[in-house]
Amino acid sequence: MTMARPALDPELRELLADMPLMSQLNPEVLAHLRQLPSSPIDSLLEHRQVDRREVTVPAKDGTPIPLSVLSPANTDRTTAAPCIYWIHGGGMVMGDRFSQIDIPLEWLDQFGAVVVSVDYRLAPEATGTVLVDDCYQGLLWIAEHAADLGIDPARIIVAGASAGGGLAAGVTLLARDRGGPAISGQMLICPMLDHRNATTSSRQYSGVPGVWTGEMNAFGWASVLGHLADAEVPAYLSPALAEDLSALPTTYIDSGSAEVFRDEGTDYAARIWGVGGQAELHVWAGGFHGFDALYPQARISATARRTRTDWLARLLPRN
């Protein structure tokens with residue numbers, strides 16, 4: 001039986017018509033996607049005054065994890081800057097630390113923020129909590145080097161899109177449960193939060209080609225979970241499993257109405273409210289998964305991106 005689905009925004013529908021879509025991911029397709037050119041970081045930095053620093057941080061097992069540190073150049077170093085810790089998307093199986101980096105670079109421009117982006121290891125080569133642990137090690141490094149980086153440790157935002165949004169939520173849970181580092185806010189953009197892949201929206205966007213489908217989501221989760229039984233999946237990896245969402249920093253969640261992750265993001269926000277937490281939720285009518293990253297020129301994309309920036313402006317007043 002074909003399920004009814006929310007209609008796409010008309011402008012997005014026209015733009016998406018030129019994009020080749022698929023419904024399934026498999027190892028062969030993944031290998032091809034990983035060979036495509038990476039994000040054009042040099043062109044994004046070309047017209048910005050940015051100091052770029054590349055470092056590596058040891059993972060729990062000693063593996064070097066690359067971090068890119070992008071700081072506004074020619075700024076007053078006596079004033080500590082906010083930090084955006086960026087965790088990229090890619091279904092936990094692809095992408096790199098420069099994926100969707102144009103999003104946090106807007107906040108470097110707007111707020112003078114230092115952007116730190118992490119190249120966590122990917123599934124299926126890495127499984128279980130390796131991915132979220134890599135991201136947490138990056139957060140620890142930021143906090144330990146805040147003075148050297150010119151960062152205000154009281155203004156660290158953990159942000160990510162898609163798989164990165166899910167990992168950002170996991171990192172925030174880890175930081176809460178391990179007593180730090182302090183996080184002043186988490187921004188979860190169309191986040192991948194629930195390995196069970198059983199919401200109404202995940203069913204609506206199965207059996208049909210798309211940017212990210214229920215079948216692709218199942219492949220991504222199977223890749224990262226490996227041989228873990230359902231009862232063994234930790235909440236730090238699949239944050240929707242967390243029994244307690246209290247004592248989290250203020251949270252921003254958004255998604256499109258026409259995408260797989262709509263319902264798990266909405267449910268996560270509702271559960272934060274249910275324990276007295278602060279969350280702001282936006283579901284953009286007619287938006288598909290990652291619409292604002294793929295087509296930032298669309299009117300709905302510009303509105304979504306501006307709304308996130310407005311939220312940050314309320315959270316990150318300049319010193």
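Our subject is the structure listed above.
An account of the accompanying structure is given in this report. In this text, all values refer to a predicted model and were calculated from it rather than measured experimentally. (Residues numbered from 1 in each chain as written. Predicted model: local features only at pLDDT ≥ 70, side-chain atom pairs only at ≥ 80, totals over all residues. Heavy atoms only, no water.)

1. What about the packing of aromatic side chains?
- Counted under the stated rule, the structure contains two aromatic pairs.
- A centroid spacing of 5.4 Å and a plane angle of 55° characterise the contact between Y252 and W311, whose relative ring orientation is tilted. Highlighted residues: Y252 in strand 7 (residues 250–256) and W311 in helix 12 (residues 299–315), separated in sequence by 59 residues.
- Given a relative accessible area of 0%, Y252 falls into the buried group.
- Residue class for W311 comes out buried when judged on its relative accessible area of 5%.
- We note R178 situated over the ring of Y136; from NZ or CZ to the ring centre the distance is 5.0 Å. (Phe/Tyr/Trp six-rings, centres within 6.5 Å; stacked < 30°, edge-to-face > 60°. Helix = DSSP H or I, 4+ residues; strand = E, 2+ residues; numbered from the N terminus. Buried < 20%, exposed > 50% of the residue type's maximum accessible area, 1.4 Å probe, protein only. Lys NZ or Arg CZ within 6 Å of the ring centre and 35° of its normal.)

2. What to know about the sheet that holds strand 3 (residues 81–87)
- Strands sit in the order 1-2-4-3-5-6-7-8 across an open sheet of eight strands; the sheet is mixed. Where the open sheet ends on each side, the last strands, each with one partner, are strand 1 (50–58) and strand 8 (279–284). Strand after strand, the sheet turns through a mean of 15° between neighbouring axes, direction not considered.
- In terms of strand pairing, strand 3 meets strand 4 (residues 114–118) through five bridges, oriented parallel. When the bridges of strand 4 are listed, W86 appears paired with S117.
- With respect to the sheet, helix 4 (residues 102–111) is in contact with strand 1, strand 2 (64–72), strand 3, strand 4, strand 5 (151–161) and strand 6 (185–189), its orientation differing from that of strand 3 by roughly 175°.
- Each of strand 1, strand 2, strand 3, strand 4 and strand 5 is contacted by helix 5 (residues 130–144), which is oriented at about 165° to strand 3, the strand it contacts most. (Pairing = 2+ DSSP bridges. Axes fitted to C-alpha atoms, helices over the stretch in contact; angles between N-to-C directions. Contact = heavy atoms within 4.5 Å.)

3. A look at the pattern of salt bridges
- By the definition in use, this model includes 19 salt bridges.
- In this structure, R308 engages D254 in a salt bridge whose closest nitrogen and oxygen atoms are separated by 2.8 Å. Of this pair, R308 sits in helix 12 while D254 sits in strand 7, and the two are 54 residues apart along the sequence. You'll find R308 and D254 in the same group, each marked buried.
- Counted as one network, the salt bridges with shared partners bring together D42, R52, E54, R97 and D119. (Salt bridge = Lys/Arg side-chain N within 4 Å of Asp/Glu carboxyl O.)

4. Describing unusual backbone geometry
- At the junction of A123 and P124, the peptide bond is cis and its omega measures out at 5° in the coordinates.
- By the secondary structure assignment, P124 is in the loop between strand 4 and helix 5.
- Between G180 and P181 the backbone carries a cis peptide bond, its omega angle lying at 0°.
- Tracing the chain through its elements places P181 in the loop between helix 7 (163–177) and strand 6.
- Positive phi, normally seen in glycine, also occurs at Q100, with a value near 60°.
- Classification of Q100 by relative accessible area gives partly exposed; the value is 23%.
- The backbone of A247 sits at a positive phi, close to 60°, despite the residue not being glycine.
- Among the secondary structure elements, A247 is positioned in the loop between helix 9 (214–225) and strand 7.

5. Quick word on the pairing of strand 1
- Taken together, the nine bridges between strand 1 and strand 2 define a ladder with antiparallel strand orientation. Bridged to T56 within strand 2 is P66.
- With antiparallel pairing between neighbouring strands as the criterion, strand 1 and strand 2 make up a hairpin whose turn holds five residues, including G62 at a positive phi of roughly 95°.

6. Examining the nonpolar core
- Counting 66 residues, the largest nonpolar core has Y85, I87, M92, Y120, L139 and Y268 as its most contacted members.
- Beyond its immediate chain neighbours, meaning those up to four positions away, Y268 contacts A169, L173, L188, L193, P239, A240, L245, L248 and I253.
- Counting residues in hydrophobic clusters, the runner-up holds 25 residues, among them V50, I84, W107 and V115. (Core = buried A, V, L, I, M, F, W, Y, C linked by side-chain atoms within 4.5 Å.)

7. As for the side chain of D9
- Mapped onto the elements of the fold, D9 is located in the segment before helix 1 (10–16).
- Buried charge D9 goes without a salt bridge, the closest partner of opposite sign being R13 at 7.7 Å.
- One polar contact links the side chain of D9 to the main-chain amide nitrogen of E11, over a distance of 3.1 Å.
- Setting aside anything within four residues of it in sequence, one finds D9 in contact with A285, G286 and I300. (Lys, Arg positive; Asp, Glu negative; His and termini not counted. Polar contact = N/O pair within 3.5 Å; in protein donor to acceptor, adjacent residues only side chain to side chain.)

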